[in-house]
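# Understanding the architecture of this molecule
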Amino acid sequence: AGGDLLALTSARAQGRDSVEVLRVLDLRRGTLLPSEASLAGPLAGMRFSTDASTIAAWGGVESDPRLIRVELLSRPPLRLGIPYAEGDVRDGAFSSDNKTFNAVLAAKADLSQGNELLRWDTQTGKLLGRTQLTGEPLALAVSASGSRLAVGGPTRTPQAGVPVWP
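All of the points below concern the structure found in this document.

## Quick word on the overall build of the protein
Scanning the protein from terminus to terminus reveals zero helices and 15 strands. Expressed as a percentage of its 166 residues, the buried residues of the protein come to 41%. In the protein, the proportion of contacts linking residues at least 24 apart, taken out of those at least 6 apart, comes to 33%. Of the roughly 8900 Å² of accessible surface on the protein, 52% is carried by carbon and sulfur atoms.

See the structure below:
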C-alpha cells in the first residue's frame, strides 16, 4: 500500500472457533493503528486498495469477501455477498480508482460451473457483474488504467485481457 502501511493478522481462539485479528502497522511512524478488526478465520487472502484506505479480506468460515476501512478497523466490515456461488475466492483486486473490487472464484470439487469473475461496488457492496470463466482461476491483476483484467490459471493458455464491465 504505497509502502507506508502493512496489514498483520494473528489467530485468536474464541471457544472452538478461530478468529483472525487484523491490525495495521504505519511503517513511517513505526506504530500500530489504535484499533483492530476481528474476522472469522482463517483468512485466505487480503489486498489493500490503491489508496490504502481499504483492505479486502476473504476466506475462512465466511467465504465471501469483506471490505474493511483502515480508519474504521473496529467497525463491522462491508460484506460483499456472492449469491448462488459454487466456488471459493482465490484472489482479488481493486480497480485503479478503488470504486470496484474484483474477485475470481474457483469451483468447489469437480463442478463444471463455479469458475467466475465477480465485480462489486466498494461503497455499497452491490454486485455489479459476474462472468463465467472456462478454466480454474488462480490469480487476478488489474491494468494500471483499470480498463482490463488478467486472470491467470494453471493451464498453458491463461485467460488474459478479460475486459472489465462497462
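## A short note on the packing of aromatic side chains
Taken as a whole, this structure holds three aromatic pairs when the rule is applied. Both rings, one in Phe94 and one in Phe101, keep their centres 5.0 Å apart while their planes meet at 65 degrees; by these two values the pair is edge-to-face. With centroids separated by 6.3 Å and ring planes inclined at 25 degrees, the aromatic side chains of Phe101 and Trp120 adopt a geometry described as stacked. Of the two residues, Phe101 sits in strand E10 (residues 100–107) while Trp120 sits in strand E11 (residues 116–121), which places them 19 residues apart along the sequence.

## Notes on the sheet that holds strand E7 (residues 66–69)
Taken in spatial order, the four strands of this open sheet run E5-E6-E7-E8, and their pairing is antiparallel. Each having just a single partner strand, strand E5 (45–48) and strand E8 (78–79) make up the two edges of the open sheet. With four bridges connecting them, E5 and strand E6 (residues 54–58) associate as antiparallel partners. Its bridge partner being in E6, Phe48 is matched across the sheet by Ile55.

## A look at the pairing of strand E14 (residues 148–152)
Of the two faces of E14, the one lined by Leu149 and Val151 is fully buried and the one lined by Arg148, Ala150 and Gly152 carries no buried residue. Pairing between strand E13 (residues 139–142) and E14: four bridges, direction antiparallel. If you follow Ala139 over to E14, its bridge partner there is Gly152.

## Let's talk about a nonpolar patch on the surface
On the surface, Leu6, Leu8, Leu27 and Leu32 cluster together into a nonpolar patch covering about 310 Å² of accessible area. With respect to the helices and strands, the residue Leu27 is situated in the loop between strand E2 (17–26) and strand E3 (31–32).

## What about unusual backbone geometry?
Located in the positive-phi region is Ala52, a residue other than glycine, with phi close to 65 degrees. According to the relative accessible area criterion, Ala52 is buried, its value standing at 14%. Positive phi, close to 65 degrees, is recorded for Asn98, a residue that is not glycine. Its place among the elements puts Asn98 in the loop between strand E9 (87–94) and E10. Asn98 gets classed as buried once you look at its relative accessible area, which sits at 14%.

Calculation criteria
- Residues numbered from 1 in each chain as written.
- Predicted model: local features only at pLDDT ≥ 70, side-chain atom pairs only at ≥ 80, totals over all residues.
- Heavy atoms only, no water.
- Helix = DSSP H or I, 4+ residues; strand = E, 2+ residues; numbered from the N terminus.
- Buried < 20%, exposed > 50% of the residue type's maximum accessible area, 1.4 Å probe, protein only.
- Contact = heavy atoms within 4.5 Å.
- Areas by Shrake-Rupley, 256 points an atom, 1.4 Å probe, with all protein chains shown as cover.
- Phe/Tyr/Trp six-rings, centres within 6.5 Å; stacked < 30°, edge-to-face > 60°.
- Pairing = 2+ DSSP bridges.
- Patch = residues over 30% accessible without salt bridge, like charges linked within 9 Å, V, L, I, M, F, W, Y side chains within 5 Å.
- Salt bridge = Lys/Arg side-chain N within 4 Å of Asp/Glu carboxyl O.

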